[in-house]
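# Structure at a glance
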Amino acid sequence: MDIKRVAIDAVNETIVMTVVHMDYKGQVAKRINEKMPLATVKGFRKGQVPKDLVEKQYGKAIKQEEVKKVVDLALERFIQSERLNLLGTPLAKENENFDWDAEELTFEYEIGLVPNFEIDLEAKNNIVKYIVTADDKLIDGQVERIQKQFGKAIPQDKVDADSDLTGTFSNEEKGINNTTTISVSTFNKKAGDKFIGKKVGDVVTVSTKGLFEDDHQLMDYLKVAHDDVHGLDIEVNFTIEAINGAELAELNQDLFDKLFGEGKVASLEDLKAKIKEDAEAQFAQQADQKLLLDVQDFLIENTKFDLPAEFLKKWLQTVGEKKLSAEEAEVEYARSEKGLRFQLIEGKAMAQSNIQITFEDLKAFTTNAIRQQMAQFGQTNPTDEEVQGIVARVLSNQEEVKRLSEQVVAEKLLEVFKEKANPTTKEVTYEEFIAASYGE
């Protein structure tokens, strides 16, 4: 067998494989012999069919099967021996004039290669690392929300600016159907004004674009997936099922203990300090996420390399349960190209910075995530045995391991980016941060 690579350009090649009779004849002969006792041909008893008739009836199919096995194994070994770093998998080139009876059988496979490129994590940039603070307006608003949440609900006939609404967001096309309770003041002013004067049973239609101060609130109130919230621009209906005002709860020790545990908060000043601490911890996570996205965008924009685009579009037509048309593959490639580019950049960044993910890294990250989730549900002091039991169950799920591993990689890369990209630090309020994030 002869096998070689034919370069087309830096990221596209063809593997050409020439198979001769010696490469498969032994296995074909063995299969024919195995077939003889089982062969049935009209006019002959089972097992008594002459060998030449067996070969005539079954030989071509057996030859094709055995040649395919030889080709598949040789192709796999060749890719390994040449240490080819592929995008997608090899695609067999169609040959309408292929002759299975030829002395030499030639097979050609198109392959797409991972491009060779370098990244500069320390390149000059305009990236900003935001330090987000909780100002008095935000803290006072949260105090009022706590008082309303733990206060007494007072049914109302009509909606006013201070009303709390219980109802259902719906959009059939996007599969949105979520019942929730929300304050009119949570909406942006334009959307909130649409509810004023409405009654139970009324349906209010609003646009998701800019519906809330923070697009992430779409996840809470509409149950929209995180990947879909940014830039979501559809209309949703809100069917009003209950309208309530609130008699604000008194800020006393009973309320403080109910919220934070006995004796941990003892005054309004303590409450505001706790709100500020918790809010800024949450803001720090959002700021880190924005920093990571900004660095991703910068690296994608400033790291130039070619992809085997046409090959990948053809490859996309062949993978998955539903085969894609050429037009559908074009759309899918356009949708996924940016992600693929950053995936390659991310791998290069990990290699350049010698980042490796160990099981201990994954276990520690999962443990911390589980403790945070338990704290959100009021379990502030779980035992190590309880936590590790949950961690063990989570890490026994391969899909969860994959998802968590991606988060560990992102966390480690974020630390590298903070150090090497040297972003400008800027302290802002949450409102200013939202404006910088979404241009509002």
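Scroll up to find the structure.
Residues numbered from 1 in each chain as written. Predicted model: local features only at pLDDT ≥ 70, side-chain atom pairs only at ≥ 80, totals over all residues. Heavy atoms only, no water.

Residue position: alanine 281 is located in helix H8 (residues 268–302). Taking the C-alpha atoms as reference points, alanine 281 and lysine 42, separated by 239 residues in sequence, lie 82 Å from one another. (Helix = DSSP H or I, 4+ residues; strand = E, 2+ residues; numbered from the N terminus.)

Relative to strand E10 (residues 235–247), strand E6 (residues 152–155) runs antiparallel, the two being bridged by 4 bridges. Looking at E10, one finds that alanine 153 is bridged to alanine 246. As judged from the 7 bridges shared by strand E7 (residues 164–171) and E10, these two strands associate in the antiparallel manner. Opposite leucine 165, over in E10, you have isoleucine 243 as the bridge partner. Strand direction decides the pairing type here: strand E9 (residues 203–207) and E10, joined by 5 bridges, are antiparallel. Residue pairing across strands places valine 206 opposite valine 236, the latter belonging to E10. (Pairing = 2+ DSSP bridges.)

So, about the layout of surface pockets. Within this model, the second largest pocket holds a volume of roughly 380 Å³. If you go around the second largest pocket, you meet 15 residues; those closest to its centre are Ala92, Lys93, Phe98, Phe107 and Tyr109. Put simply, the parts of the chain that give the lining of the second largest pocket at least two residues each are helix H2 (51–81) and strand E4 (104–113). It is H2 that contributes the most residues to the lining of the second largest pocket, 5 residues altogether. Residues belonging to the lining of the second largest pocket are distributed by class as follows: 7 nonpolar, 3 polar and 5 charged. (1 Å grid on protein atoms, 1.4 Å probe; cavity = no way out; pocket = protein on both sides within 12 Å on 5 of 7 lines; lining within 4 Å. Points joined across faces, edges and corners; volume = space filled by probe spheres on them. Nonpolar A, V, L, I, M, F, W, Y, C, P; charged D, E, K, R; others polar.)

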